[in-house]
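# Fold and contact review
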Amino acid sequence: MKIRNKRTWWCGRGLALILVSSGFLSGCFDGGSSSGGAGNSVDTNLFPADGQLEATIRRTTGGVPHITADNLKSAAFGHGYAQAQDNVCMLAEAIVKARSERAKYFGPGPDVEFAPGASVGLNIINDFSYKAQQIYAGAESEFETLSPESRALIEGFTDGYNRYVNETAPTDLPVECAGQDWVKPITPVDLLAHYRIVGQYASGALFATGAVFLAVPPGESPAPSVVSSIANAEEVETLLKNVVATAQAKAKSNKNFSDMGLASNAWGIGKNMTEQGRGALLANPHFPYTGHRRLYEVQMTVPGYLNVHGAGLLGTAIPLINFNENLAWSHTVTTSRRFTWYELVLKQGEDLTYVKDGIEKPITTETYQIEVSMDGMPEPLVLERTFYFSEYGPMIAANAVSSQLPAWGDNGALNTSSFVAHTYRDANANTGGLLDTWLQMSRASNLDEFQGVFKNCGSTLWTNTTYADDQGNAFYIDSSSVPNLSEKAIALVNFRRAASEAYSGLFDQGVTLLDGRLSQEDWVETDCGSLVPYEQKPKLVRSDWVQNSNSSYWSTNPDEFLTGYSPLFGDERAPINPRTRLGIKMLQNPMDAGFPGAPLPAGQDGKFSAEELIGVIWNNRAWYAEQLLPELLQRCDDIGSTTVNGVDLSSWCESLGSWDGLYNKDSVGAHIFRVFMANYRGDLGTDLTTPFNPDDPVGTPADPSQENAGTANDKMLLALADGVVALQSQSILPTDALGSLQYYQASGGVVPGSGGTPVFQTQRIPWHGGDGNIDGAFNAIGVVTDAYAEDTRFPRVAPTTLPDTAGLSDGSNGIDGWLMARGTSWHFGLEFTNNGPKAFGLVSYSQSTDAMSPYFSDQSEQYSNKEYRPLLFSESEIEANVLPQGEVVISQ
């Protein structure tokens, strides 16, 4: 099919600016508190009868708060207070973001330099984009519709956070926010707005750095207009030019809308494979070590109503990856899609009118203002922008994201008009039910009740759920929010993928582009509001095991493949990632150590216990080492001392020959294999001779080609030589242990927007584990090069990395080796016993982001030393382990 560019909404060329105090910029661009229940009655499970909040907080090892209260609102009150004690700056910055006030408090951005082309004005782009996405305005509207349970949680958490902020002197706050006027009491709507951003991590948030901002009709400028008096017009004009350039660069930079930068492993083990004959769970989220996506551990207890222990993203009023007396679950990011794009055909000559089903429909507008703090200006700069909307949601500059969009053909495939605009619809635009879902999951006592949460339209937004219980059930479901398309629309999507290379490429980037000319491609209404209902979601119940490590649902258990679902859930009969392959291998072969001397996944009896499951995470096995190391060593023997690309590999091969095949701190040779894989992985698609077989997704693809094997032209040896050159450039030796090269080291200490220089706040902590994609390690960790803590404007020390090394630093700015900043986070192994749940685990980066807290790096040291702790649940366990001065009763 012939591909051609289209005339569409986006901003691409130069900008001519006119600044007036009340004018606009033009150019040429083509391209409080609540009662519970009805009337005067109060549900005392949710709200205190007398309106007075009171919670007991007991902290145990690691600073974990165990909160007990007589009602849900009081329990959330304690939770908000505890989280603020440990993470007040992070929480305050999240609210600034949700209120579209980053530019007001932190300036236009950035205040640290990163990569050329810079993100000048990114705060302006974010603030406007979040307004267009109705982050705060939507929360204001949505709050009145919340269930009493959600109100109790949100209001209680807000009150707890405010209690801490009000009682703490501004100068006593952590250095990152000490004395800052943006740390102040918040409202329940503020918190709900934050949840709307969390809900859109895999959808709208992907478009908040440029795609929404750039969407203007041809001939209009995306640059904001100035509505306040200014003295330095030239400086402001330069800023606004840079804002547009930043939006264009950011819009183009996202090449994969399926990649959230998050990953996880989760196993649900049924009664047939546990020592206790009951269920067991492995929970291993791979999340950032910095920013708002950190997980915070807590136990919340309302006697007779709720008793749950788990961890949730910062700011969530109830934990999200949890266990109670009867059941446990974890989440993994799903391959499903949470949004769709629509291409609209415009009425000839009218850029604000599109035609659908033969009916003219308006593209509507809304105008927003933001404040921008500018150096040298006594008053904030006030900017204004008009944004555009279809019936589906905000307009987007699709051409700014993808240089060539598919050409629509005849017979309903795609349309042929040159006058088009693009928009998107977001399955997670509204998140008012977020807390209800997790509260109901936390209160469930058996599989039927747990499944009932999703039958009643519960959604975990962008994750799968993997579950085990005390009756020995293992359950998996893609519990995310997925648009419900008709069979005809699905058939058209599948047809276009087969017929158009451009369409297929866009789909593979995570974008489902639909035809907006006809309502037949609208989402189909269901009892769950146009999302795929429970009956049509991929799910599986087993008595042996289920698992997910971010591959498609179809290979949850190869003994019972899942097929026949909407393509918006993910590909079927398609290759699975290396973590999934290794995880299934360990489940299928629980007494196979992989390499001699490594621990057996399930011990000598082949059945799992809680300690063996945490051990599975920490055994530090890696798929590619088990599959390719023997072949690589054979080729090392064959080449001997003959150089490859001028590199003598003999000493490096010698270290590989004595490597234990694991990614432990004391492993010697792991670093060599890593840089080999970082180079060889690009050859996997062409060099492996046994192709993928959907009947054997674990074993295939496999078997490197024997062409030129063991010679100077061997692809494997060439990849090894390239990796060795990178190591030599950093004076790394073949005999170095992994723990001397790979480490965690928290950094920060700077107020956002202050222009300060971040510093390391701990000594290096040696880190075990491997890169999930490059090493194929199950205990997946990774390097992050962003100069800010995830989702925030807190500067961090970030490495500049060498290409094809899995993030090896180039040695600049005092950083060497692999500085890890994401991966295994809140993680545990759990089994159900006759006496209830028994679990062991850690929060790898520790509970607090305050460098002065005793809980800032304590668990990080434990992770480094493989010293797990029991996850306390029963009253007797908690009482026996309360820290000195670790109990406090707070009231309001």
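Placed above this text is the structure.
All of the points below concern the structure found in this document. (Residues numbered from 1 in each chain as written. Predicted model: local features only at pLDDT ≥ 70, side-chain atom pairs only at ≥ 80, totals over all residues. Heavy atoms only, no water.)

## Comments concerning the nonpolar core
Counting residues in each nonpolar core, the largest one holds 255 residues, and the members touching the most others are Trp182, Trp267, Trp341, Trp462, Phe673 and Leu720. For this core, the element with the most residues is helix 1 (residues 72–98), which contributes 15 residues. Residues within four places of Trp182 in sequence aside, it is in contact with Cys89, Ala92, Glu93, Val96, Tyr105, Phe106, Glu176, Cys177, Val751, Pro752 and Phe794. (Core = buried A, V, L, I, M, F, W, Y, C linked by side-chain atoms within 4.5 Å. Buried < 20%, exposed > 50% of the residue type's maximum accessible area, 1.4 Å probe, protein only. Helix = DSSP H or I, 4+ residues; strand = E, 2+ residues; numbered from the N terminus. Contact = heavy atoms within 4.5 Å.)

## Here's the deal with the environment of Ser609
By the secondary structure assignment, Ser609 is in the loop between helix 13 (578–588) and helix 14 (610–618). Taking the C-alpha atoms as reference points, Ser609 and Ser705, 96 residues apart in sequence, are found 40 Å from one another. When residues no more than four places from it in sequence are discounted, the contact partners of Ser609 are Glu275 and Glu831.

## Some details on the sheet that holds strand 3 (residues 225–226)
The 3 strands lie next to each other as 3-14-13, forming an open sheet whose pairing is antiparallel. Of all strands in the sheet, those with a lone pairing partner are strand 3 and strand 13 (364–372), marking the two edges. One ladder, built from 2 bridges, connects strand 3 with strand 14 (residues 381–389); its direction is antiparallel. Across the sheet, residue Ser225 finds its bridge partner in strand 14, namely Glu384. Along the sheet, helix 3 (residues 122–132) makes contact with strand 13 and strand 14, crossing strand 13 at roughly 140 degrees. (Pairing = 2+ DSSP bridges. Axes fitted to C-alpha atoms, helices over the stretch in contact; angles between N-to-C directions.)

## Some thoughts on the layout of surface pockets
For the second largest pocket, the calculated volume is near 770 Å³. Along the wall of the second largest pocket there are 38 residues; nearest its centre are Asp426, Ala427, Asn428, Ala429 and Asn430. Of all the elements in the fold, those that place two or more residues in the lining of the second largest pocket are strand 13, strand 16 (420–426) and helix 9 (434–443). For the lining of the second largest pocket, the element with the highest residue contribution is helix 9, accounting for 4 residues. A breakdown of the residues in the lining of the second largest pocket according to their chemical character gives 13 nonpolar, 18 polar and 7 charged. (1 Å grid on protein atoms, 1.4 Å probe; cavity = no way out; pocket = protein on both sides within 12 Å on 5 of 7 lines; lining within 4 Å. Points joined across faces, edges and corners; volume = space filled by probe spheres on them. Nonpolar A, V, L, I, M, F, W, Y, C, P; charged D, E, K, R; others polar.)

## As for the pattern of salt bridges
Side-chain pairing between opposite charges can occur once the charged atoms of the two side chains come close. Within the structure shown, the criterion is met by 30 salt bridges. Between Glu101 and Arg99 there is a salt bridge, and its shortest N-O distance comes to 3.5 Å. The partly exposed category is assigned to Arg99, whose relative accessible area is 30%. Connected through salt bridges with shared partners, the residues Lys356, Lys361, Glu391 and Asp522 form a single ionic network. (Salt bridge = Lys/Arg side-chain N within 4 Å of Asp/Glu carboxyl O.)

## Here's the deal with the state of the cysteines
Think of a disulfide as a covalent bridge from one cysteine sulfur atom to another cysteine sulfur atom. Throughout the structure, instances matching the rule amount to 3 disulfides. Put simply, Cys457 and Cys528 are joined by a disulfide, and their sulfur atoms are 2.1 Å apart. Of note, the bridge from Cys457 to Cys528 carries an S-S torsion of about -80 degrees and is left-handed in sense. Here the residue Cys457 occupies a position in the loop between helix 10 (447–455) and strand 17 (463–469), and Cys528 occupies one in the loop between strand 19 (513–515) and strand 20 (539–542), the gap between them amounting to 71 residues. Between Cys636 and Cys653 runs a disulfide, and the two sulfur atoms are separated by 2.1 Å. Judged by the sign of its S-S torsion, about -65 degrees, the cystine formed by Cys636 and Cys653 is left-handed. One end of the pair, Cys636, is in helix 15 (residues 623–639); the other, Cys653, is in helix 16 (residues 650–658), and 17 residues separate them in sequence. The exposure class of Cys636 is buried, given its relative accessible area of 6%. Each bonded cysteine in the protein gets a number by its place in the sequence, and the pairs come out as 1-2, 3-4, 5-6. (Disulfide = S-S within 2.5 Å.)

## Some remarks on the packing of helix 15 against helix 17 (residues 670–680)
Direction vectors running N to C along helix 15 and helix 17 enclose 95 degrees, while the axes themselves pass 12 Å from each other. One element, helix 15, and the other, helix 17, form an angle in the roughly perpendicular class. Of the residues in helix 17, those touching helix 15 at Tyr624, Ala625, Leu628, Leu629 and Leu632 are Phe673, Phe676, Met677 and Tyr680. Here the residues of the contact of helix 15 with helix 17 are counted per class, giving 9 nonpolar, no polar and no charged. (Parallel < 35°, antiparallel > 145°, perpendicular 65-115°, else oblique.)

## Looking at empty space enclosed by the protein
Put simply, the largest cavity is a space of about 290 Å³. Sorting the residues of the lining of the largest cavity by element identifies helix 1, strand 25 (747–748) and strand 29 (818–824) as the ones contributing at least two each. Residues of the lining of the largest cavity, tallied by class, amount to 15 nonpolar, 8 polar and 5 charged. Of the voids in this model, the second largest cavity is the one considered here, and its volume is about 170 Å³. Forming the walls of the second largest cavity are 17 residues, and the residues nearest its centre are Leu313, Leu320, His331, Trp462 and Thr463. Secondary-structure elements contributing two or more residues to the lining of the second largest cavity are strand 9 (327–333) and helix 9.

## Focus: the side chain of Arg385
Looking at the secondary structure, you find Arg385 in strand 14. Buried within the structure, Arg385 lacks any salt-bridge partner; its nearest side chain of opposite charge belongs to Glu220, at an N-O separation of 7.1 Å. Among the polar contacts listed, one links the side chain of Arg385 to the backbone oxygen of Phe213, at a separation of 2.8 Å. Here Pro222 takes part through its backbone oxygen, which lies 2.6 Å from a polar atom of the side chain of Arg385. (Lys, Arg positive; Asp, Glu negative; His and termini not counted. Polar contact = N/O pair within 3.5 Å; in protein donor to acceptor, adjacent residues only side chain to side chain.)

## Quick look at the environment of Ala491
Mapped onto the elements, Ala491 comes out in helix 11 (residues 487–499). A relative accessible area of 44% means that Ala491 is categorised as partly exposed.

## A short note on the packing of helix 1 against helix 5 (residues 148–167)
With their axes 6 Å apart at the nearest point, helix 1 and helix 5 run at an angle of 50 degrees to one another. By the angle between their directions, the pair helix 1 and helix 5 is classed as oblique. Two packed elements cross with a definite hand, and for helix 1 against helix 5 that hand is right-handed. When the residues that make up the contact of helix 1 with helix 5 are grouped by side-chain class, the tally is 14 nonpolar, 6 polar and 6 charged. (Left-handed = near helix turned anticlockwise from the far one by under 90°.)

## Points about the packing of aromatic side chains
Scanning the entire structure with this criterion turns up 39 aromatic pairs. Here the aromatic rings of Phe128 and Phe213 are separated by 6.5 Å at their centres, their planes lie at 45 degrees, and the arrangement is tilted. Note that Phe128 is positioned in helix 3 and Phe213 in the loop between helix 6 (188–199) and strand 3, a separation of 85 residues in sequence. One exposure class covers both Phe128 and Phe213, and it is buried. Both rings, one in Tyr342 and one in Tyr392, keep their centres 3.9 Å apart while their planes meet at 5 degrees; by these two values the pair is stacked. Here Tyr342 is found in strand 10 (residues 339–345), whereas its partner Tyr392 is found in the loop between strand 14 and strand 15 (395–396), with 50 residues between them in sequence. (Phe/Tyr/Trp six-rings, centres within 6.5 Å; stacked < 30°, edge-to-face > 60°.)

## With respect to the pairing of strand 20
Alternating positions in strand 20 separate cleanly, Leu540 and Arg542 being buried on one face and Lys539 and Val541 remaining unburied on the opposite face. Where strand 18 (residues 474–478) and strand 20 come together, 4 bridges link them in antiparallel fashion. Bridge pairing in strand 20 places Ile477 opposite Lys539.

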